[in-house]
Structure formats: structure tokens, C-alpha cells
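Residue-level structural notes
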Amino acid sequence: MTEDAAPDEVLPEYVRALLRPDAYPSPPPDVELRQTHVSYVFLAGDVVYKTKKPVDFGFIDQVAPERREAFCHAEVRLNRRLAPDVYLGVGPIVRHPDGRIAVLPAGEPPSAGAEVVEWCVQMRRLPDDRTLRELLPAGAAPPRAAEHVVRRLIAFHEAAEVVENDPAFAGAAGDAAWWEREYGETEGFIGATWAPGDAAATRDFVASEIEREWALFDARLAAGRVIEGHGDLRADHVYVLDETGEDLAIVDCIEFSEWYHFRYLDAGYDVAFLAMDLEALGHAELGDEIVGRYIAASGDETMGVLQPLHRTFRAFVRGKVESIGAHATEVSEEQRAELAESAARFFRLAASYGERRAEPAVVVMCGLPASGKSTVAGTLAGRVGAAYVSSDIVRKQIAGIDLRERVGEAFRAGLYSPEMTERTYAELRRRVREHLDAGRAVVIDAMHGRASERAAARALAAEHGVPCLFVELRLDEAAARARIVGRDDDPLRTSDATEDVYALQRERFEPVGGDEGPSVTLDSSRSPGALAREVAESLAGMG
């Protein structure tokens, strides 16, 4: 939430002083003040200075000066993980003996007689027009931006501190406690910014999901999926600084809270936040695709299961924050009205995710190598709340190979032998059975090039009395070969398919027949988000 500057008479003295260019180490031509509900932000030439407001909203308490200073240092330390060249350091704001208030450079101690009145984070200013929020409406985002964002996030999450296995803090009990606390702090907005129907739908969905997946929350914590992440991964915090999309800076992570659900969270919450925010901005398909690419590349089998709930929570948080802003006295009546309208939209979005969660079902992806099965399967799983099981991943796990290890020609013959393929499909079906027993929808990401393989998946669905949908992705040969060549340098790919493998499988592939059961055939030259949405609609129509 960003607010315009308040009238000078309601601003603290040091804030008014910092509106003057001569208050800075290198005086800029002018100074622009922006505000959030927790910060004052001064745009001063090539440098941005941010101070903390002395506020206590329950989830954040920075009233004490020493806490604000500590949060400044934490902000720099934590944000350097994803934007090392942006965060310059922390500097004091001092009152000199002559009464003049000024900012000192990061790391410079106050001179004798100077009084520290506040502390500020100092950052290199990034171009406003290079955030995803600004690039997307202008059609200026690089075509492969989603891939580069996912690469950065997976590397960030894999290097992040793993949260101790304490279920009361970050397992199912932690999620339940967080929700009850947050709901209690937000309940007063019902009937104002939070429509009663949306509030009831959200509360019912959250309660049912936590109860249904109680064991999964604890299992993900035990598996190291709960980490010290970003916590506020929004489109306006992702800067794409070049035309390829590789030069990324991701800023403004949560630094002010040690509570679970803020900075310490399931990795799925980070990607859910970005997906939710992109949807709120009108780019739902891109948000879905980012989640799908993450799921497929990370091999996270159950992240998709919790995505509807994770996105609900993230939209709810935005609704709460905007509601707080709508009641802030330091902003104009017009701005409060805009914030109230925004809060209502986020609360409505939060309620909508429960409506999309798929009932137990089996979705069987079919198609040749490079047809986009993995990305579409992951995207679908995240959109409808399904488990994701992948033959590429299972095959390598059986063989004891790292998911991203490139397999040489000699070893590939054994890894992709008929016997190994049979073991792989048997393990896929075993995992599918476990997820169906737990009441989940499942997306199976495998070639399913033989009718017998598809029949086994259909029989498994019938055994559990749930629908089975075949999804065959098709792509012309030239485009498929170009994809295979183009992904040679992709550090996240799990498939070992080569052009020779493609040619062999193309000869052997048996297209899905009309007598095999409900199916859809799609042109996979379209975006993964659009394809996943179409499959989700087909799946919903089977219920």
C-alpha cells in the first residue's frame, strides 16, 4: 500500500526537514515523499531513503526507537539476499547543534554534539517503469520473464534458512493460530471493507482446508519446505532491469516480524503471493504460470495442494493492510476511499480461491517430449489445488540421481529402459493412490504414450470413484525440436529428452483415442496459463 504525502502540518519534524534537498549528503534537484502504513520513503535523486513510522498494528510493533533502528538493519541484511547491489546500508538522521536536521551517509557515525533523531535505510534508486507491475500493462515484459523469476526464487528458497521443525510454530497448529489471530484483528472490517459473504466464505474455506490437510502442513515443515523467505512478494517489488529478464532485483521483503506467516513461511506462500498479486492486476495466467514452473522445476509434489489456501491467505493480508490504510487519518478522504475499494477487491479475491479448488480427480497429461506437459501440469496443479507427480522426477529419484543432473548417453539407455519405465509408472500410480486416499486431486505429468499406460491411470481413478481426464498436448515438430535445443542451458530442467529421443518417441506414440474416456486435445504453442485454465474448466465440468 502506497500513499501520497500528507499535509506538512501532520508530518513529524524530521520528515518535513527531509523534504529539503540540502538535508542530504548529495543534494538532489528535488525530493519526493511517499508513504506506506509503516514507512516514510524519500526519493532523493539516485538514492532512496526509508524511515520507519512509530506504529503498532499488532502484527508489527515499531514504536520504540531501538526497534525501528533494528528493523532498518534487518531490512538491509535480508534484502541483500535478492538485491545485493541495491541496499547501501543504514544511516542516521541527526539534529546538529545549530538545529539543522540532516541525513548522514550509510555507516557514518554522528559527529560530536549531533543528536540522532531517526535511522534510515539507504538504497540505490531503481527505475519506476521496470517493475512487473509497470511492464506488464505496457506489454514490455520480456517473453521469458516467468522463467527467470522462477530461477531466482528457487535458488533463493534453496539457499534460505530452514525453519526448525516445530509444528506449534510453523506446522498446522501454527497456521491455525495465525489465522485465528489475523481473523480476530480483521473481524471489525466485516460490513465495511469486508463484505459479510466474502468473510464467511473465506472463514469456511480456511477452516475446512486446515482440517483436511492438517498432516500435510506438518509434513512440509518436517521436509524443510518452511523457510526464511521474502514474505511480501508483489509485482511492484520485482524489477526486471534488462530486456532479457535475466537481470532481476527483488526488494522489500518483510523484516519487522519474527512471527510465522510473515518472513518465516512455507515457500508456497511466496509464490502464491506473487500469483495472487498478478491476478489482482489482471495477469492471472502469468501468475499461474510462475507457480507452475516453480512446481515443475522444484519437484515439489504437494505445493499445488495448498496453493488455493496460500493465495487466499495472501489476498486476505492485502485486504487487511488496505483496510488499515482506509482508516488512516494522515491520508486524504479521497485516498481512504480508494484504499477501501481496493481492500474490498482483495477480500473478494481471497474468497474466490476456495471456489476453484478441485474435488478429487485424476488428470492424466499426455504428449511427446517438449510439448509443455510439465509446465502445464504444474500450472494446473497450482490453480486447482492438486498434487503434482512427475515421471521425470520419479524416474531420477528411483535411480538416486539429482533432479537436475544431465544424464549421459551411456547411462540414459538404462534410465529409460522398458523395465525402468515400468518401475517409474508403478511408483507414479502408488503416489497417485496416496493422494486420492487423502482426498486430493492429482495431476500426472508423464508422456503416457501407450494406451495401456493411460488405461492403468483410468482404472486407478475408477477404483477411487473419481473422474479421470486425459489431456493431450500437441506441438508441431519444428517447434518441439526448437524447444529441446533452447532448453539445453536451462539449469532447472529435469527432462533428459534430446532430439533423438523425441524422434524415437514420435514414432511410438499412440494418440489418445475417443473411446478411452473424457479427454481434451490442446495446442501447446499457447501460454501455459491459458492451457491450464482451459483444462480446469473441463475438469470442473465433469463434477
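Overview of the structure.

To continue, consider the pattern of salt bridges. Applying the stated criterion across every chain, the model contains 46 salt bridges. Across the pair R430 and E427 runs a salt bridge, and its minimum N-O distance is 2.7 Å. Here E427 and R430 lie together in helix α16 (residues 418-437), a separation of three residues that amounts to about one turn. Note on R430: relative accessible area 37%, which makes it partly exposed. A network of salt bridges, in which partner residues are shared, links K50, K52, E75, D252 and E255.

Turning next to the side chain of E322. If you trace the backbone, E322 turns up in helix α11 (residues 303-326). For the buried E322, no salt bridge exists, and the shortest N-O distance to an oppositely charged side chain is 4.3 Å, to R318. A distance of 2.8 Å separates a polar atom in the side chain of E322 from a polar atom in the side chain of S342.

Another point: the environment of I484. If you trace the backbone, I484 turns up in helix α18 (residues 477-486). Along the sequence, I484 and E499 sit 15 residues apart, while their C-alpha atoms lie 6.7 Å from each other. For I484, the contacting residues outside a window of four places in its chain are A370, A497, T498, E499 and Y502.

This part is about the sheet that holds strand β3 (residues 47-52). Pairing is antiparallel in the open sheet, where six strands are placed in the order β1-β2-β3-β6-β4-β5. Of all the strands in the sheet, the pair left with one neighbour each is β1 (31-35) and β5 (101-103). Across the sheet, the axes of successive neighbouring strands diverge by a mean angle of 25°, strand direction being ignored. As paired strands, β3 and strand β6 (residues 115-124) are joined by four bridges and run antiparallel to one another. By the bridge assignment for β6, V47 is matched with R124.

For the rest of this paragraph, the subject is the packing of aromatic side chains. Inspection of the entire model under this criterion finds 16 aromatic pairs. Judged by centre distance (6.4 Å) and plane angle (90°), the ring pair of Y14 and Y40 falls under edge-to-face. Note that Y14 is positioned in helix α1 (residues 13-17) and Y40 in strand β2 (residues 39-44), a separation of 26 residues in sequence. Relative to F347, the ring of F316 lies with its centre 6.1 Å away and its plane at 50°, an arrangement referred to as tilted. Linking F316 in helix α11 with F347 in helix α12 (residues 333-356), this pair joins segments that are 31 residues apart in sequence. For the pair F316 and F347, a shared accessibility class is recorded, and that class is buried.

Calculation rules
- Residues numbered from 1 in each chain as written.
- Predicted model: local features only at pLDDT ≥ 70, side-chain atom pairs only at ≥ 80, totals over all residues.
- Heavy atoms only, no water.
- Salt bridge = Lys/Arg side-chain N within 4 Å of Asp/Glu carboxyl O.
- Helix = DSSP H or I, 4+ residues; strand = E, 2+ residues; numbered from the N terminus.
- Buried < 20%, exposed > 50% of the residue type's maximum accessible area, 1.4 Å probe, protein only.
- Lys, Arg positive; Asp, Glu negative; His and termini not counted.
- Polar contact = N/O pair within 3.5 Å; in protein donor to acceptor, adjacent residues only side chain to side chain.
- Contact = heavy atoms within 4.5 Å.
- Pairing = 2+ DSSP bridges.
- Axes fitted to C-alpha atoms, helices over the stretch in contact; angles between N-to-C directions.
- Phe/Tyr/Trp six-rings, centres within 6.5 Å; stacked < 30°, edge-to-face > 60°.

Coordinates in, geometry out; function isn't part of it.
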